[in-house]
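One-letter residues, chain by chain:
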Amino acid sequence: MTSKYEKFKFTGYRLKFNWYYAPLFVAFWFVLFYVSVIPSFYNYPTIVTVEDEQTNFEKFEDIFVGERSERDLFDLSRIGTKLVGTPANEQSAVQFLTDRIEKIIAESRQDLYDIEYDIQEATGSYVIFKMVNYYQSIQNVVVKFSTKDSNSTNYLLINSHYDTVAESTGAGDAGIMITTMLEVLRKLSKSSNILRHPIIFLFNGAEENPLQGSHAFISQHKWANNIKALINLDSAGCGGREILFQSGPNHPWLMKYYKKFAKHPYASTIGEELFQNDFIPSDTDFRIFRDYGEIPGLDMAHTQNGYVYHSKYDRFNVMPTGTFQTTGDNVLALARGIANAPEMDNPAKHAVGHTVFFDYLGWFLVFYSEEDGIIINVIVSLCALLSIGLSIWSTKKNTEMEWKKILIAFSIIFGLQLLAVIIAFGVAILLALFIDAVGISMSWFSSTWMVLGLYYCPMFFVLGIIPAIYLTKTKNSDLFLANGVQFFMHSQCIILVVITFIMTGLGIRSGFIFMIATFFYTISVIINLMTDKLQTAYLWFITHCICQMFPFMFYTYCAYAFYVTYVPMQGRDGPEGNPEIMIVSFTALMCILFGGFICPLINMFRKNKIIIGISGVITIIFLIIAATPAGFPYEDKIHPQRYYAVHTSRTFHKADLSIEKNESGFFVMPVDRRYNSAKDVLLHKEDIQDLNEDCNNHVMCGMPIWNARWIGWKYVFLKTFCFNIKLKSFF
């Protein structure tokens, strides 16, 4: 009669899979990413055409017509650049809007609705970015839509802007949002389903200055005092799915309606906390409505193809067609839902704290209050610790090891796993610093796949090789191989539990992302504890992998969304900071969240060290690629590099008002980290002027401040600002 120890030894707790299964194991996770995450991220509904509506109006009465929004955007884009103060913005764009609005009024259900519009002209000032912003005679086109028998004085505001930056037609920022609003207004005006509360459509004529139109409305317009909630629409790219990245603040009822009505959810608390802590080099009118009007709302923006944002490449023809229907479906449904919300009667009564929210691959939205989030984080973490304790007890029972040996082995493994996480993160950071120091940063700017080799692979290597070395050294101990691998993953779970507790204690709502990892790992541990039949080398492995599929898809979805949004932003985030640090930090976070539960599994295969070593070799190969022309970040029209070139004249006076110096030239402001890449191409080196003396003697080096963000880039004055220079003729 065999003992339980001999039974487990016989059934495979010391066995390894053949090495040729390892490539299949690795390929499985890549395939899972490409068949689930990528299609989900780019999943768009079928666009509804004008013909669809005309042939079956009853079916499409309350459905957004994406094709009409697309046609309107084409016409709006044909106006061209719409700078505040130019005829294109103050006359042509306003005429375009009033023509569309008057047509909507003429075709509306006038027996049910009242529609009136006002062209606001305003002058004012306010403080933003520590500077006084003054505006004069800017314009907004404002529409009030209400049900005839409604006596509500509580209005929903939907806002976006039609003005653009220089040389851009503004198809993405934010022409598509303007045409979306027009179609939402048209659909509501023809619907038999009336609304409880009026809606104000603010077609904002001065957002890029920045944010003047919204301030003019909220501080001066006759309808401003009645606004109780907001849907703000903007862009940091050109199309795609619009992300909800700010809600409230302190009004969780808005998220309740987003979950209920948004047909294509795309939202994240992580994005909200990153934005509100200034990690995103942009701002929206949401700030003005929040700070000057104390209005709660939802802030949504397109972020796909941020390479063309605020450039001449932001055109109608690069807009993904699916964008029109996706955004239109969401905005129309949200407008209808919030305008009928009873909370609109007294929003202050429902101001009860923040929320935690996120979508799962765009399939559904999860949201709960911050207080519930604390409870969930604590319960899941405690359950994780309890299940790990039971698993260790089960290991002791099945291996017949003494408690002392079991606890010593687990303590050593926990220390090694903690060391692996620290070293993995440290190696990634050192690589980021090295890459920046040798001048090859941002190689991932036009080739995001470079992040895999530069940062994921070295972390995979460390997270895999440290367990491999230990398990090899202890292969003749009483602890089975499978138990050792499980102990490493138990340790990873405990590390994440500690981080969850810390983030929860600090009030960081994004701590949910660590809770998810511990939740699914706990599920796999509990399932494996429920029956002895799963206590074999093969079945526990399969159970664990199945449970890891769900967090793996979620984390890679979050990572992909992050790269789509943030990588283009690094091309306009300023020359001072090291963009590698931002990219590597988020990469390290994602890698630790899912890699800590997958990398140790490589040790279940033969020739595990060779397999793990391949990731190290890949890192070296990618470093070489980054140092060659193949790693050059920029590509004309698709992934351009940005510079500001301002023709400047300046005169310096002495105390007696006599002229000390009078000169003119081009003031060139780089906008990203690789500010030297165009020096030899654009500039004559002999004409570059050293500004050290000017920076020591004059405010802001005696240079113009065309953009408020330049104030934070003073360091570059000493290194790369060019004055009194001649740009080469083709510039």
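Details of the structure are given in the entry above.
Here we summarise the structure given alongside this text. Bear in mind the structure is a predicted one, so any value in this text is a computation, not a measurement.

Here we look at the overall build of the chain
Along the chain, the regular secondary structure elements total 23 helices and eleven strands. Relative to the compact-globule value of 27 Å for 731 residues, the chain shows a C-alpha radius of gyration of 29 Å, a close match. Structurally, the chain occupies a C-alpha span of about 95 × 70 × 45 Å along its principal axes. When each of the 731 residues of the chain is scored for burial, the buried share is 57%. Pairs at least 24 residues apart make up 82% of the contacts formed inside the chain by residues separated by at least 6 positions. Accessible surface for the chain amounts to roughly 30100 Å². Of this, 59% is attributable to carbon and sulfur atoms.

Regarding the pattern of salt bridges
Applying the stated rule across the entire model yields 21 salt bridges. For Asp62, the salt bridge identified is with Arg336, shortest N-O distance 3.2 Å. A residue pair is termed long-range when its members are at least 10 positions apart, and Asp62 in the loop between helix 4 (57–60) and helix 5 (66–78) and Arg336 in helix 12 (residues 322–339) qualify at 274 residues. One salt bridge in this structure joins Lys256 and Glu343, with 2.7 Å as the shortest N-O distance. With Lys256 in helix 9 (residues 253–261) and Glu343 in the loop between helix 12 and strand 8 (355–360), the pair connects residues that are 87 residues apart, well separated along the chain. Note on Glu343: relative accessible area 7%, which makes it buried. Connected through shared salt-bridge partners, Glu53, Arg68, Glu183, Arg186 and Lys187 make up one network.

A word on the environment of Cys599
As for its position among the elements, Cys599 is in the loop between helix 19 (579–595) and helix 20 (608–627). Cys599 sits in the buried class, given a relative accessible area of 7%. Distance from Cys599 to Ile621, taken between C-alpha atoms, is 21 Å for residues 22 residues apart in sequence. Not counting the four nearest positions on each side in its chain, Cys599 is found in contact with Phe460, Leu463 and Gly464.

A word on the packing of aromatic side chains
Counted under the stated rule, the structure contains 46 aromatic pairs. Taken together, a centroid distance of 6.1 Å and an interplanar angle of 85° make the contact between Phe25 and Trp29 edge-to-face. Here Phe25 pairs with Trp29, and both are found in helix 2 (residues 22–41), just four residues apart, close to one helical turn. Like Trp29, Phe25 is buried. Seen from their ring centres, Phe562 and Phe586 are 3.8 Å apart, and the 10° between their planes marks the pair as stacked. Taken together, the residues Phe562 in helix 18 (residues 539–569) and Phe586 in helix 19 connect sequence positions 24 residues apart. These aromatic residues form a ring-pair network of at least three members: Phe17, Phe25, Phe28, Trp29, Tyr456, Phe460, Trp540, Phe541, Phe552, Phe594 and Phe605. The cationic tip of Arg241 hangs over the ring face of Phe41; the distance from NZ or CZ to the ring centre is 5.6 Å. Between the NZ or CZ atom of Arg241 and the centre of the ring of Tyr266, over which it lies, the distance is 4.3 Å.

Describing unusual backbone geometry
Of the consecutive residues Asp173 and Ala174, the connecting peptide bond is found in the cis state with omega at -5°. Structurally, Ala174 can be placed in helix 7 (residues 171–189). Note that the residue after Gly248, namely Pro249, is joined by a cis bond; omega there is 0°. With respect to the helices and strands, Pro249 occurs in the loop between strand 6 (242–248) and helix 9. Despite not being glycine, Glu294 shows a phi value in the positive range, around 50°. When you line up the elements, Glu294 lands in the loop between helix 11 (286–293) and strand 7 (297–302). Taking the relative accessible area as the measure of exposure, Glu294 reaches 71% and is therefore exposed. Phi is positive for Met442, close to 65°, though the residue is something other than glycine. If you trace the backbone, Met442 turns up in the loop between helix 14 (403–437) and helix 15 (450–473).

With respect to the environment of Met300
Checked against the element boundaries, Met300 lands in strand 7. Looking at Met300, the relative accessible area reads 0%, which means it is buried. Sequence-wise, Met300 and Pro252 are 48 residues apart; in three dimensions their C-alpha atoms are separated by 16 Å. In contact with Met300, other than residues within four places in its own chain, are Met177, Ile231, Asn232, Leu233, Asp234, Glu242, Ile243, Leu244, Phe245, Tyr258, Val331 and Leu334.

Overview of the sheet that holds strand 6
The strand order 1-2-4-3-5-7-6 describes an open sheet built from seven strands, whose pairing is mixed. The open sheet is flanked by strand 1 (113–128) and strand 6, the only strands paired with a single partner. Looking at each pair of strands side by side, their axes are set apart by 20° on average, direction ignored. One ladder, built from six bridges, connects strand 3 (residues 155–161) with strand 4 (residues 199–204); its direction is parallel. In the sheet register, Leu156 faces strand 4, and the bridge partner there is Ile199. Its contacts with the sheet put helix 9 on strand 5 (227–235), strand 6 and strand 7, and the angle it makes with strand 7 is roughly 50°.

A short note on the side chain of Ser108
By secondary structure assignment, the location of Ser108 is in the loop between helix 6 (87–107) and strand 1. In this structure Ser108 comes out as buried when scored by relative accessible area, which is 12%. Filtering out sequence-adjacent residues up to four positions away, Ser108 remains in contact with Ile115 and Ser189.

Some words on the layout of surface pockets
In this structure, the second largest pocket spans a volume of roughly 1200 Å³. Looking at the second largest pocket, it is lined by 45 residues, and the ones nearest its centre are Phe30, Leu452, Tyr456, Phe460 and Phe594. Here the lining of the second largest pocket takes nine residues from helix 2, the largest share from any one element. Looking at side-chain class alone, the lining of the second largest pocket contains 34 nonpolar, eleven polar and no charged residues.

Cut-offs used in this document
Residues numbered from 1 in each chain as written. Predicted model: local features only at pLDDT ≥ 70, side-chain atom pairs only at ≥ 80, totals over all residues. Heavy atoms only, no water. Helix = DSSP H or I, 4+ residues; strand = E, 2+ residues; numbered from the N terminus. Rg over C-alpha atoms; globule rule 2.2 N^0.38 Å. Buried < 20%, exposed > 50% of the residue type's maximum accessible area, 1.4 Å probe, protein only. Contact = heavy atoms within 4.5 Å. Areas by Shrake-Rupley, 256 points an atom, 1.4 Å probe, with all protein chains shown as cover. Salt bridge = Lys/Arg side-chain N within 4 Å of Asp/Glu carboxyl O. Phe/Tyr/Trp six-rings, centres within 6.5 Å; stacked < 30°, edge-to-face > 60°. Lys NZ or Arg CZ within 6 Å of the ring centre and 35° of its normal. Pairing = 2+ DSSP bridges. Axes fitted to C-alpha atoms, helices over the stretch in contact; angles between N-to-C directions. 1 Å grid on protein atoms, 1.4 Å probe; cavity = no way out; pocket = protein on both sides within 12 Å on 5 of 7 lines; lining within 4 Å. Points joined across faces, edges and corners; volume = space filled by probe spheres on them. Nonpolar A, V, L, I, M, F, W, Y, C, P; charged D, E, K, R; others polar.

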